[in-house]
Amino acid sequence: LSANMSLARLARLPCRGQRLRCMSSLCPLTECGHPIIDVEKLKRGSDAEASALGAALGDYGYFYAANVEGLSAEYIRSLYAYSGRCHALPAAVKHKYRQRGGTGVYSGPDIGQPELQYEAEGAAARVCGWDYSRARFSLGDGVTEGDARYPSAAELDPPFAAVLDDCYARQDAVARVLLAGFERALSVPPRTLLQMFEDGAGDFGTIRLLHYPGDGGGAGSALADTTGIGPHTDFECFTLMHQNAPGLQLMPRQRGGGGHGGWVDAPVRPGEFVVTVGDMLERLTNGVLLATPHRVLPTHHARDSIIRFNAFAPHTLVAPLRPFVTADRPAAYSPVEMREHMETTMRNLEAGLGSWDTERQRSRSASYEYNGGERRVLECEPNTMSQ
């Protein structure tokens, strides 16, 4: 198999599974057997790294991102320190900014608002989270807009919005490199994905500063009755994760480009980030890529993570792209706008419907049917994409 064989071309081959197995040899692995991609090489336009990225996406559904400019180890340590201060704020302050009924940016069992459950009948999640987004999206009832949605300098110095917006800008720069790499790996015209990310007022993404309290492992441990966070796929295009302690598990693709296998631990690698495929990439590629299931186990030790959900612009229409639709592989996903998918999934969670099929061990959100099961194919002709 040549190094420039793309996933779009593989979608048209009857023996795609066997060829994806061959592609795994193009993807560098960590000592623990996880795919790893050098983001700086992608930025410089390395064909070999783009091929490795295609192998990681198609054969695993995730990868570790190394050499990520703008998110140095020192910067990440400072962000964890700031996150610790956020999570140490008094309960009264957290309640003011609560996700449901407040301004929509904090959730946690410490204020009686645990994370919405991805499994309808799953164990209660222990995670506490502070959220930041540029494009307003929350389940909050208030009409507060702008920086007033977040803790002020009087409550937290420097103020929450300033610190998180700087982080958002740094992550945006990384997202553009990765999206351009995805375009090359998928063999779609330049700016097919970047245009969806940058269109209009910007993307519908979110940063989450997450804290998972430990219980110390002493007598009376309640871990059996809780989880860190339940199994799910992320609703956006892709997710950039950093973690400071074990607990994250991923469900990789089965070898040969099939469905998903069993759960595997995602080890902590302090200088690297975990990148996972989201619902939107699955839908755009007509299931050639699959959104990556993941979960966080309950742990005796405390754990923190910094998450960036990279979405498209709110009104971006997402449906299978032409290169991934053939007579043998007809469009399998209904069209939906980014905002509608986010809002529908979150409202389903709020209603207790979940987004994870426990019996079948698969995502419900990635393949959710909209518009009565309508099918549409998106064109991505090179002459319609700006350079």
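Structure: see above.
Quick look at the structure, then. (Residues numbered from 1 in each chain as written. Predicted model: local features only at pLDDT ≥ 70, side-chain atom pairs only at ≥ 80, totals over all residues. Heavy atoms only, no water.)

**What about helix H7 (residues 160–186)?**
1) Next: Between its first and last C-alpha atoms H7 spans 37 Å; for 27 residues at 1.5 Å apiece the expected length is 39 Å, and the two agree.
2) Next: After H7 finishes, the residue Ser187 shows a positive phi value of roughly 60 degrees. (Helix = DSSP H or I, 4+ residues; strand = E, 2+ residues; numbered from the N terminus. Expected span 1.5 Å × (residues − 1).)

**A word on empty space enclosed by the protein**
1) Next: Evaluated as defined, the whole model comprises 4 cavities of 30 Å³ or more.
2) Next: Of the pockets and cavities examined, the largest cavity occupies roughly 480 Å³.
3) Next: What lines the largest cavity is a set of 34 residues, among which Glu115, Tyr118, Asp131, Arg208 and Phe309 lie closest to the centre.
4) Next: At the level of elements, strand S5 (128–132), strand S6 (206–212), strand S8 (229–232), strand S13 (294–296), strand S14 (303–310) and helix H10 (338–350) are the ones that each hand at least two residues to the lining of the largest cavity.
5) Next: For the lining of the largest cavity, the class distribution of residues is 19 nonpolar, 8 polar and 7 charged. (1 Å grid on protein atoms, 1.4 Å probe; cavity = no way out; pocket = protein on both sides within 12 Å on 5 of 7 lines; lining within 4 Å. Points joined across faces, edges and corners; volume = space filled by probe spheres on them. Nonpolar A, V, L, I, M, F, W, Y, C, P; charged D, E, K, R; others polar.)

**What about the side chain of Ser107?**
1) Next: Topologically, Ser107 is positioned in strand S3 (residues 106–107).
2) Next: Owing to a relative accessible area of 1%, Ser107 belongs among the buried residues under this scheme.
3) Next: Residues within four places of Ser107 in sequence aside, it is in contact with Gln99, Gln113, Glu115, Val127, Cys128, Gly129 and Arg208. (Buried < 20%, exposed > 50% of the residue type's maximum accessible area, 1.4 Å probe, protein only. Contact = heavy atoms within 4.5 Å.)

**Observations regarding the sheet that holds S8**
1) Next: Spatially, the 4 strands line up as an open sheet ordered S8-S13-S10-S11, and their pairing is antiparallel. If you trace the sheet from one side to the other, it starts and ends with S8 and strand S11 (264–265), each paired once.
2) Next: Pairing analysis gives 3 bridges linking strand S10 (residues 248–250) to S13, with the strands arranged antiparallel. From the neighbouring strand, Leu248 faces S13, where its bridge partner is Val296. (Pairing = 2+ DSSP bridges.)

Nothing here speaks to function; it is geometry throughout.
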